[in-house]
Amino acid sequence: MINCNLKPLFLAIIVILTYVVVTSKGQLRVGFYSQTCPSAESIVRNAVQEAVFGDRQMAPRLLRLLFHDCFVQGCDGSILLENTETSERRAEGNLGLAGFEVIQSAKTQLEATCPGVVSCADIVALAARDAVAMTAGPFFGIPTGRRDGRISNIQFAANLPDVDDSIELLRSKFKEKGLSDRELVLLSGGGHSIGTTACFFMPKRLYNFTGHGDSDPAIDSQFLPDLKAQCPFNGDVDVRLPLDSSSEFIFDGHIFHNIRNGFAVLASDARLYDDMHTRQIVNFYSGFPSVIRRLSFKADFAAAMVKMGSIGVKTGSDGEIRRVCNSVN
């Protein structure tokens, strides 16, 4: 049973203030570029700010980009490569990814200021952090020092978390990356606090959940007709709908209320309520008075982002610093 107090909040703050992620071959640390490229983080932040101000959907796109990079070969910028027809970004689980031009814009500016210093992998991590902060989410120190990978293969993306995965499969995929049930809830569910999804991801949940022409019983009975109206059977799969219609552009964790009450849009979010352990975590983040809930969620999400951002990183002499982000040197 989860003790609904502020312990996770304080633990998360401690993790964030530690600021160092130790790897087997080196370290990531906050301020890695403080001597070699002091303006690195501000250049990335300005590029993200310009993009988000021009298109509010860019914030969740940049957040999603980091998730999809880290879950395939680690956080090494391999999702950015497009040198072949078999690059990982062409995998079905990566369909709809966007924001690549923002990463390259920041890289172009960084190469003009500090050539050959800042990795594309670090730009992806910093951009995701800044995008969250620009939607009223937490701003936190994110360790840098990643180097870029040289390999991108569609086969390596075969095990990405999928919207139609069972909770058992989701837990297994996150555990494989060293992430706990709490981090599953925070990153998979909480990460959907902002943004939209496409009807492309909805047919099974709405029209063939168990293979017998039925709908997911976890959907609230009054919410189901709304979802079907937005994503009719054999309708336009490119139509987009907000993941949290009450606060689509505000990173506030309200999505946990949606999950608890049957108003989750994505099947994978609803599945977080299928398991006793993840259900308790959802209840934890949806049960506090609003101010405390927001503070706890944001601090814990920041800590989860730092941990995810350390998955499989390349440091030291591993990898390279790409000159452009969509191609190896």
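Going by the structure above, here's the rest.
Computed from a prediction, not measured in an experiment: that's the story for all the values here.

1. Focus on helix H12 (residues 276–287)
Spanning 12 residues, H12 covers 16 Å between terminal C-alpha atoms, matching the ideal 16 Å at 1.5 Å per step. For H12, the full list of buried residues reads Thr278, Gln280, Ile281, Val282, Phe284, Tyr285 and Ser286. Where H12 starts, the residue carrying a side-chain oxygen 2.9 Å from the main-chain nitrogen of His277 turns out to be Asp275.

2. Here we look at unusual backbone geometry
Residue Gln73 is not a glycine yet carries a positive backbone phi of 65 degrees. Along the chain, Gln73 turns up in the loop between helix H3 (58–70) and helix H4 (100–113). Assessed through its relative accessible area of 27%, Gln73 is described here as partly exposed. Of note in this structure, Asn234 is not a glycine but carries a positive phi near 60 degrees. The residue Asn234 is located in the loop between helix H9 (224–230) and strand E4 (240–242) in this model.

3. Concerning the state of the cysteines
For the coordinates displayed, the defined rule picks out 4 disulfides. Across a sulfur-sulfur distance of 2.0 Å, Cys70 and Cys75 are joined as a disulfide pair. Note on the Cys70 and Cys75 pair: the S-S dihedral is about 120 degrees, so by sign convention the disulfide is right-handed. On the basis of relative accessible area, Cys70 is assigned to the buried category, the value being 0%. Covalently, Cys120 is tied to Cys325 through a disulfide, its sulfur atoms 2.1 Å apart. Here the disulfide of Cys120 and Cys325 is left-handed, its torsion about the S-S bond being about -95 degrees. One end of the pair, Cys120, is in helix H5 (residues 120–133); the other, Cys325, is in the segment after helix H13 (290–308), and 205 residues separate them in sequence. For the pair formed by Cys120 and Cys325, the shared burial category is buried. Going through the protein chain in sequence order and numbering each bonded cysteine, the pairs you get are 1-4, 2-3, 5-8, 6-7.

4. Focus: the packing of aromatic side chains
A ring pair, where both rings are aromatic, is described by two values, the distance of the centres and the angle of the planes. Within this structure, the stated rule accounts for 14 aromatic pairs. Ring plane angle 85 degrees and centroid distance 5.1 Å describe the contact between Phe32 and Tyr33, whose orientation is recorded as edge-to-face. Of the residues examined, Phe32 reaches a relative accessible area of 28% and is grouped as partly exposed. Judged by relative accessible area, Tyr33 falls into the buried class, the value being 4%. Judged by centre distance (4.5 Å) and plane angle (20 degrees), the rings of Phe67 and Phe71 are stacked. Its guanidinium or amino end placed over the ring of Phe100, Arg89 lies 3.6 Å from that ring's centre, counting from NZ or CZ. Sitting over the face of the ring of Phe284, Arg182 holds its NZ or CZ atom 5.0 Å from the ring centroid.

Here is what the cut-offs are and how they apply
Residues numbered from 1 in each chain as written. Predicted model: local features only at pLDDT ≥ 70, side-chain atom pairs only at ≥ 80, totals over all residues. Heavy atoms only, no water. Helix = DSSP H or I, 4+ residues; strand = E, 2+ residues; numbered from the N terminus. Expected span 1.5 Å × (residues − 1). Buried < 20%, exposed > 50% of the residue type's maximum accessible area, 1.4 Å probe, protein only. Polar contact = N/O pair within 3.5 Å; in protein donor to acceptor, adjacent residues only side chain to side chain. Disulfide = S-S within 2.5 Å. Phe/Tyr/Trp six-rings, centres within 6.5 Å; stacked < 30°, edge-to-face > 60°. Lys NZ or Arg CZ within 6 Å of the ring centre and 35° of its normal.

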